Amino acid sequence: MRNWIKYLIVTIIVALLTNGGQFYFWNHYITKMKTDYESEIQILSSTLEDIGKLKYVYSVRTQTKPGKEINLEDLVKVKVPESIINGSYAQQPEDLLGKYYKVSISPGTLITNDLLMKEEMDDSIRETDLIADTWSVGLEIGDYIDYEITYPYGEKYIVLSHVRVEAINEKTIKTYLNSVQRHIYNGALVDYFLQKENGASVNLVKYVEPGVQKSSEVSYSVPDNILSVITEDPNVIEKINTKLNTLKRDIIEKGLDLVSEFDSSSLSSGRSKIVSDINGAGREYDEILERRQEEEEKEAKRAAYENKRNSEQQSTQDGQNSEKGMMK
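Position numbers for residues start from 1 in each chain and track the written sequence from start to end. Local features are withheld for residues below a pLDDT of 70 in this predicted model, meaning they are given only at 70 or higher, and side-chain atom pairs are given and counted only at 80 or more; totals for whole chains, interfaces and linings count all residues. For the side-chain quantities, the full set of heavy atoms in the structure was used; hydrogens and water were omitted.

Participant: Outline the overall build of the chain, listing residues and values.
Facilitator: Secondary structure elements are taken from DSSP: a helix is a run of H or I of four residues or more, a strand is a run of E of two residues or more, and numbering for both begins at the N terminus. Counting its regular elements, the chain contains five helices and 11 strands. Of the contacts formed within the chain by residues at least 6 apart in sequence, a portion of 73% connects residues at least 24 apart. Carbon and sulfur atoms make up 55% of the accessible area of the chain, which totals about 22,100 Å². Should any heavy atoms of two residues lie within 4.5 Å, those residues are counted as being in contact. Method for areas: the Shrake-Rupley scheme with a 1.4 Å probe, in which residue coverage is limited to the protein chains shown.

Put into structure tokens, the structure is as follows:
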């Protein structure tokens, strides 16, 4: 009996000592963890004070293309420290709307003025539909192009520089031109119509990075009658240098005088084949793009169907599990 009592007393003492030790170490751990958390909070608070007040600026929802006009649907708000914001950051949608992306912008990139460009407008700007024999395969709305004329023997001149494609139709490109640009374009059309049978062509050439690349210099010179009209037109704000135009026009005219009847037939047929091949490649590109879009739409529908079916199966499984739980 006494042995049993001794054993019980020893057991109680051991238990008390063990629990006391555990309590001591647990209390010590809790105290240390609390101290660590308080230290982290102080560090975070100090960091927040250094950062300062947060403000909204803007990024994009999806990848953008150079030349694309900014839409409200493109934009997402991003909070950044007020201390890093300067005058180059857009803080209101109004700072962005009506402008164009100069370069491709990825989601998460903060939009600043140096990533944008704005088309300068004057009162003489009008919508104009450009005709062309060819344009770059894959040309899209928002791209920037040079409008070029190539004469029978291959002399190429830039008629219009760095103009934005506003719309693409079957045979024409819509863009905005000011008064002097429309006069120059009409002059180039006259040359084209007169020399088309001899192998002349007009073409649209796309910029790779329109916001980064320097705009081409217009090298084409108009005929004398068009020059006279430009000189007298009260809507033309910036007049053409008549002396320089006349000198360059003399070069064009001398080149045209050299075109022989024998050469014109070969030049015309050769250039017609090139135009036909490029236009054929354009149609093939459009067909490939259309098939790709159809495949993407089918894949999206298939994924939506799979998600819906998986969701329904999960709901059914959850219901069955719930019923089993209730039966238990």
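So that's the structure; there's more coming.
Participant: An account of the confidence of the model for the chain is requested, with residue identities and associated values reported.
Facilitator: Summary statistics for the chain give a mean pLDDT of 78 and a share of 73% for residues scoring 70 or more. As a per-residue quantity, pLDDT reports the predictor's confidence and falls between 0 and 100. Mean pLDDT across the elements of the chain bottoms out in helix α1 (residues 2-51) (60) and peaks in strand β7 (residues 144-150) (94).

Participant: If you had to explain a negative patch on the surface to someone new, which residues and values would you point to?
Facilitator: A cluster of acidic side chains, namely Asp-286, Glu-287, Glu-290, Glu-294, Glu-295, Glu-296 and Glu-297, defines a negative patch on the protein surface. When you line up the elements, Glu-294 lands in helix α5 (residues 261-327). Any residue under 20% of the maximum accessible area for its type is buried, any over 50% is exposed, and the rest in between are partly exposed; the area is computed with a 1.4 Å probe on protein chains only. The class for Glu-294 is partly exposed, based on a relative accessible area of 41%. Note on patches: the residues involved have over 30% relative accessible area and no salt bridge, like charges join within 9 Å, and the nonpolar side chains Val, Leu, Ile, Met, Phe, Trp and Tyr join within 5 Å. Put simply, a salt bridge is a Lys or Arg side-chain nitrogen that is within 4 Å of an Asp or Glu carboxyl oxygen. By the counting scheme adopted, Arg and Lys are positive, Glu and Asp are negative, and His together with the chain ends is not counted. Charge positions come from single atoms, namely NZ of Lys, CZ of Arg, CG of Asp or CD of Glu.

Participant: Go over the sheet that holds strand β9 (residues 167-168) with me, naming the residues and quoting the values.
Facilitator: In a beta sheet, neighbouring strands pair by backbone hydrogen bonds and run either parallel or antiparallel. If DSSP finds at least two bridges between two strands, the strands pair. Strand order in the open sheet formed by three strands is β5-β10-β9, and the pairing between neighbours is antiparallel. Looking at which strands have only one partner, the edges of the open sheet turn out to be β5 (126-131) and β9. When β5 meets strand β10 (residues 172-177), the two strands line up antiparallel, connected through six bridges. Within β10, the position partnered with Thr-128 by the bridge is Thr-175. Where helix α2 (residues 179-195) meets the sheet, its contacts fall on β5 and β10, and the angle it forms with β5 comes to roughly 20°. What counts as an axis is a line fitted to C-alpha atoms, over the stretch in contact for a helix, and the angles between N-to-C directions run from 0 to 180 degrees.

Participant: Describe in detail the layout of surface pockets, supporting the description with residues and values.
Facilitator: Definitions used for this entry: grid spacing 1 Å over protein atoms alone; cavity, a set of points where a 1.4 Å probe fits but cannot get out; pocket, an open set with protein on both sides within 12 Å along at least 5 of 7 lines; lining residue, one with an atom within 4 Å of a point. Grid points are joined across faces, edges and corners, and a volume is the space filled by probe spheres set on the points. Space inside the largest pocket adds up to approximately 970 Å³. Asn-178, Val-180, Gln-181, Val-218 and Glu-238 are, among the 38 residues lining the largest pocket, the residues nearest its centre. It is strand β8 (residues 156-164) that provides the largest number of residues to the lining of the largest pocket, a total of six residues. Gly falls in the polar group here, along with every residue not listed as nonpolar (Ala, Val, Leu, Ile, Met, Phe, Trp, Tyr, Cys, Pro) or charged (Asp, Glu, Lys, Arg). Taken together, the residues that form the lining of the largest pocket break down as 16 nonpolar, 12 polar and 10 charged.

Participant: Residues and numbers for α2, please.
Facilitator: By this rule, a helix spans an expected 1.5 Å times one less than how many residues it contains. For α2, which comprises 17 residues, the first-to-last C-alpha distance of 25 Å matches the rise-based estimate of 24 Å (1.5 Å per residue) to within 8%. Of all 17 residues that make up α2, 12 are buried, and the element is covered over most of its length. Listed in full, the buried residues belonging to α2 are Ser-179, Val-180, Gln-181, His-183, Ile-184, Tyr-185, Gly-187, Ala-188, Leu-189, Asp-191, Tyr-192 and Gln-195. A 3.5 Å cut-off defines polar contacts: any pair of N or O atoms within that distance qualifies, except that in protein one atom must be a possible hydrogen donor and the other a possible acceptor, and neighbouring residues in sequence count only when both atoms are side-chain atoms. For α2, the side-chain oxygen to backbone nitrogen distance between the N-cap and Val-180 is 3.3 Å, and the N-cap itself is Asn-178.

Participant: Summarise helix α3 (residues 224-232); cite the residues concerned and give the values.
Facilitator: Because each turn of an α-helix spans 3.6 residues, side chains separated by three or four positions in sequence point in the same direction. Along α3, the positions that sit buried rather than exposed are Ile-226, Leu-227 and Ile-230. Seen along its axis, α3 keeps its buried residues to an arc of 100°; they face one direction. Within α3, the exposed residues directed more than 90 degrees away from the buried face are Asp-224, Asn-225 and Glu-232. Buried residues along α3 sit against α2 and α4 (242-257). The arc under discussion is defined with respect to the helix axis, by the directions toward the C-beta atoms.

Participant: Pulling in residues and values, what's your account of the nonpolar core?
Facilitator: Core analysis: the largest hydrophobic core is formed by 30 residues, its most contacted members being Tyr-147, Ile-149, Val-159, Leu-160, Leu-204 and Tyr-220. The set of elements that each furnish at least two residues to this core consists of β7, β8, β10, α2, β11 (201-206), α3 and α4. Ranked by residue count, the leading element in this core is α2, at six residues. Beyond its immediate stretch of four places on either side in the chain, Leu-160 contacts Leu-130, Ile-145, Asp-146, Tyr-147, Leu-177, Gln-181 and Tyr-185. Within this scheme, the nonpolar core is defined by two criteria: the residues are buried Ala, Val, Leu, Ile, Met, Phe, Trp, Tyr or Cys, and they are joined through side-chain atoms within 4.5 Å. In this structure, Tyr-101, Ile-105, Leu-115 and Leu-116 belong to the second largest nonpolar core, which totals 12 residues.

Participant: Tell me about the packing of aromatic side chains, and please be specific about residues and values.
Facilitator: Two rings belonging to Phe, Tyr or Trp (six-membered ring only in the last case) form a pair when the distance between their centres is within 6.5 Å. Interplanar angles under 30 degrees mark stacking, angles over 60 mark edge-to-face geometry, and anything in between is tilted. Using the criterion set out here, one finds three aromatic pairs in the structure. Note on Tyr-151 and Tyr-157: the rings are 5.7 Å apart at their centroids and 75° apart in plane angle, and the pair reads as edge-to-face. Like Tyr-151, the residue Tyr-157 is buried in the burial classification. Taking the centre distance of 5.7 Å and the plane angle of 45° together, the rings of Tyr-192 and Phe-193 count as tilted. Here Phe-193 falls in the exposed class, since its relative accessible area comes to 52%. Whether a charge lies above a ring is judged from NZ of Lys or CZ of Arg, which has to be within 6 Å of the ring centre and within 35 degrees of the ring normal. The residue whose ring lies beneath Lys-77 is Tyr-56, and the NZ or CZ to ring-centre distance is 5.0 Å.

Participant: How would you sum up the side chain of Asp-191? Please name residues and give values.
Facilitator: Residue position: Asp-191 is located in helix α2. Residue Asp-191 is classed as buried on the basis of its relative accessible area of 4%. Side chain to side chain, Asp-191 and Tyr-151 meet in a polar contact 2.6 Å long. Those residues in contact with Asp-191, other than ones at most four positions away along the chain, are Ile-149, Tyr-151, Tyr-220, Pro-223 and Arg-249.

Participant: Requested: an account of the environment of Gly-187, with residues and values cited.
Facilitator: Within the fold, Gly-187 resides in helix α2. Taking relative accessible area as the criterion, Gly-187 reaches 0% and is therefore assigned buried. Excluding anything up to four places from it in sequence, Gly-187 contacts Tyr-220, Pro-223 and Ile-226.

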